[in-house]
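# Understanding the architecture of this molecule
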Number of protein chains: 2
Amino acid sequence: MKKAIVLLSGGLDSATCLAVARKEGFECFTLSFDYGQRHKCELTASENISAALGAAQHRTFKLDLRQWGGSALTDDDIDVPKGGTHDIVPVTYVPARNLIFLSLATAWGEVIGAHDIFIGVNSVDYSGYPDCRAPFIASFAETAKLGTCAVDENWQWQIHTPLQNLSKAEIIKLGTGLGVDYALTTSCYDPSPEGRSCGRCDSCLLRHQGFVEAGLPDPTCYIN
Amino acid sequence: MKKAIVLLSGGLDSATCLAVARKEGFECFTLSFDYGQRHKCELTASENISAALGAAQHRTFKLDLRQWGGSALTDDDIDVPKGGTHDIVPVTYVPARNLIFLSLATAWGEVIGAHDIFIGVNSVDYSGYPDCRAPFIASFAETAKLGTCAVDENWQWQIHTPLQNLSKAEIIKLGTGLGVDYALTTSCYDPSPEGRSCGRCDSCLLRHQGFVEAGLPDPTCYIN
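Worth saying up front: this structure is predicted, and the values here are computed from it rather than measured. (Residues numbered from 1 in each chain as written. Chains lettered and ligands numbered in written order. Predicted model: local features only at pLDDT ≥ 70, side-chain atom pairs only at ≥ 80, totals over all residues.)

For chain A, the count of helices and strands is six helices and five strands. In terms of overall dimensions, chain A is globule-like: its C-alpha atoms have a radius of gyration of 17 Å, near the 17 Å expected for 224 residues. Per-residue burial for chain A yields a buried fraction of 49% across its 224 residues. For chain A, long-range pairs separated by at least 24 residues make up 69% of all intrachain contacts whose partners lie at least 6 apart in sequence. (Helix = DSSP H or I, 4+ residues; strand = E, 2+ residues; numbered from the N terminus. Rg over C-alpha atoms; globule rule 2.2 N^0.38 Å. Buried ≥ 20, exposed ≤ 12 C-beta atoms within 10 Å, placed from the backbone. Contact = placed C-beta atoms within 7 Å.)

Shown next, in the form of structure tokens:
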């Protein structure tokens, strides 16, 4: 059974990504990051999703991106914006986050012999982050090949992005068909202390609209 | 004054790299990693080197690569090899280390507006690590551009590798000319608890040979 590293954020997209990897027959090693994000409920969600979808092993890797901040998600002095779309990269962008996360996934993958990495990036219903776009992912795979012991044609890094070109509604329909329980997932950038979603940040708006368009009930627990 | 991130390992090469960055007029933000390496004396060395060479700020970033090991430097069950060269990548290679370190440097650089990163990689007198080669560095710069908010021609990542094509002796002569005090640096993979160098690992052998070839006294404090 081929091994894969699957990045899990606790959200809807990465849970779907794990379900796809499992469907494709991979033995899945899931990796989440305790990076100083505002709320730790997404780490609990990742653990629960891993268990529910039959991951072989789950790790939470700790690294403190809050020490330099630079994002509404890692600096309490920057507010999470509410209620609208935008043309520029929003303040919820965390500098180089996917670059860091993919690099650490590559390291773990090299150690355990997993040359496949799954990441739930998406270019359709997303917040405009540069590190979710296809050219970045393709370039990363090449960099990883050059920077690790890629000694033969059997050791090529494959960065799988099965959600890249799907709308949020299509992702939800795909995951629902694969048995994902979206009640286990959390997408909110600014949940209540009890883990209820705000319903007004970018991520909540995109998520809810996805359920509406998919014609499926939204299982999210909102503040109001 | 342009800002630069300079990666510091506490060793001879990265100290020289910092001296070059200072000579080129950069305001230097130095970054070291407490990644679970065998010995913390290199972290103290990095602090001392930063202060001696006038860095604007020094950070030690903590992340535990020992949790998955895969290297003689991050797994106590793998011995550091002594006394010889080799044709293959040695067990002191830490999977994806420079990929991870450069990614974190990119993140800090994006936050503080430093688009220049200095790293002391070298392809001449080195241990054969894939993440020290020029094609990896060039590919990383492209990936970093694609994965961050590189919105115009003024925001291009420059990964400076001033030591790439120098021999160890040439590096030592360069740094000596720039006032680097190599007694502050530590290169050994397997020092004694007091921080004395073993004199027999790859890194010690390359370092000592460099001083001999440069015709300069070796200030290293060896066990024997």
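All names here are of chain A. The terminal C-alpha atoms of helix α2 (residues 41-52), which comprises 12 residues, lie 16 Å apart, in line with the 16 Å expected from a rise of 1.5 Å per residue. Among the residues of α2, those classed as buried are E42, L43, A45, S46, I49 and S50. One side of α2 holds all its buried residues, which, seen down the axis, span an arc of 155 degrees. G54 sits one or two positions beyond α2 and adopts a positive phi of about 75 degrees. (Expected span 1.5 Å × (residues − 1). Arc of directions from axis to C-beta.)

Once that is clear, we can look at the interface of chain B and chain A. Residue-level contacts link 34 residues of chain B with 34 residues of chain A. Here the side of chain B that touches chain A gets 10 residues from one element, more than from any other, and that element is helix α3 (residues 97-112) of chain B. Of the residues assigned to the side of chain B that touches chain A, the class counts are 20 nonpolar, nine polar and five charged. (Nonpolar A, V, L, I, M, F, W, Y, C, P; charged D, E, K, R; others polar.)

The next thing to look at is the relation of the copies chain B and chain A. For these two chains of identical sequence, chain B goes onto chain A by a turn of 180 degrees and a shift of 0.0 Å along the axis, with RMSD 0.0 Å. Taken together, the rotation angle and the small translation identify this as a two-fold axis. Across chain B, the rotation axis passes nearest the C-alpha of L63 of chain B, at a separation of 2.8 Å. Both copies present the same face, since 100% of the interface residues in chain B are matched by interface residues at the equivalent positions in chain A. (Least-squares fit on C-alpha atoms with pLDDT ≥ 70 in both.)

It is worth spelling out the sheet that holds strand β5 (residues 158-160) of chain A at this point. Residue and element names in this part refer to chain A. Taking strand neighbours across the sheet as the criterion, the five strands line up as β3-β2-β1-β4-β5 in an open arrangement whose pairing is parallel. Two strands lie at the open edges of the sheet, namely β3 (57-62) and β5, each paired on one side alone. Neighbour-to-neighbour, the strand axes of this sheet turn through a mean angle of 25 degrees, independent of strand direction. Across three bridges, strand β4 (residues 116-118) lies against β5 in parallel orientation. (Pairing = 2+ DSSP bridges. Axes fitted to C-alpha atoms, helices over the stretch in contact; angles between N-to-C directions.)

All names here are of chain B. The strand order across the open sheet built from five strands is β3-β2-β1-β4-β5, with neighbouring strands paired in parallel fashion. The open sheet has two edge strands, β3 (57-62) and β5 (158-160), and neither has a second partner. Put simply, the sheet's adjacent strands are angled 25 degrees from each other on average, direction ignored. Here helix α1 (residues 12-23) sits on the sheet in contact with β1 (3-7), β2 (27-34) and β4 (116-118), set at roughly 170 degrees to β1.

As a further point, take the pairing of strand β2 (residues 27-34) of chain A. Residues and elements named next belong to chain A. Taken across its eight residues, β2 has six buried, putting it largely inside the fold. One crossover worth recording links strand β1 (residues 3-7) to the parallel β2 by way of helix α1 (residues 12-23), and it is right-handed. Sheet topology places β2 next to β3; six bridges connect them, and they run parallel. Looking at β3, one finds that L31 is bridged to R59. Crossover handedness for the path β2 to α2 to β3: right-handed. (Right-handed = clockwise from strand over helix to strand, strands pointing away.)

Here we come to helix α5 (residues 168-177) of chain A. Count 3.6 residues to each turn of an α-helix, and residues three or four apart come out pointing the same way. Residue and element names in this part refer to chain A. Those residues of α5 not exposed but buried are K168, I171, I172 and G175. In a view along the axis of α5, the buried residues occupy a sector of 100 degrees, so they form one face of it. Of the residues one or two after α5, G179 is the one with positive phi, at around 85 degrees.

What follows deals with the pairing of β1 of chain B. Regular strands show a simple pattern: their side chains alternate between the two faces of the sheet. All names here are of chain B. For β1, the tally of buried residues reaches four of five residues, placing the bulk of the element in the interior. Two elements, β1 and β2, share five bridges in a ladder whose sense is parallel. Its bridge partner being in β2, V6 is matched across the sheet by T30. One ladder, built from three bridges, connects β1 with β4; its direction is parallel. Bridge pairing links A4 to D116 in β4.

With that out of the way, let us pick up unusual backbone geometry. Not every positive phi belongs to a glycine, and A96 of chain A is a case in point at roughly 60 degrees. We classify A96 of chain A as buried; it has 27 C-beta atoms within 10 Å.

A word on the packing of α1 of chain B against helix α5 (residues 168-177) of chain B. Residues and elements named next belong to chain B. In the contact formed by α1 and α5, the axes pass within 9 Å of each other and the chain directions differ by 45 degrees. Put simply, α1 runs oblique to α5. Handedness of the α1/α5 crossing: left-handed. In contact with L12, D13, A15, T16 and A19 of α1, α5 contributes I171, I172, L174 and G175. (Parallel < 35°, antiparallel > 145°, perpendicular 65-115°, else oblique. Left-handed = near helix turned anticlockwise from the far one by under 90°.)

When the pLDDT values of chain A are averaged, the result is 90; 94% of them are 70 or greater. Scoring of the predicted complex yields 0.92 for pTM and 0.90 for ipTM. (pLDDT = per-residue confidence, 0-100.)

Bringing the environment of Q37 of chain B into the picture now. Residue and element names in this part refer to chain B. Mapped onto the elements, Q37 comes out in the loop between β2 and α2 (41-52). Residue classification places Q37 among the buried positions, given that 20 C-beta atoms sit within 10 Å. Considering only alpha carbons, one finds Q37 and S71, 34 residues apart in sequence, at a separation of 9.6 Å. Those residues within four positions of Q37 in sequence are excluded, and the remaining contacts are E42, L73 and T74.

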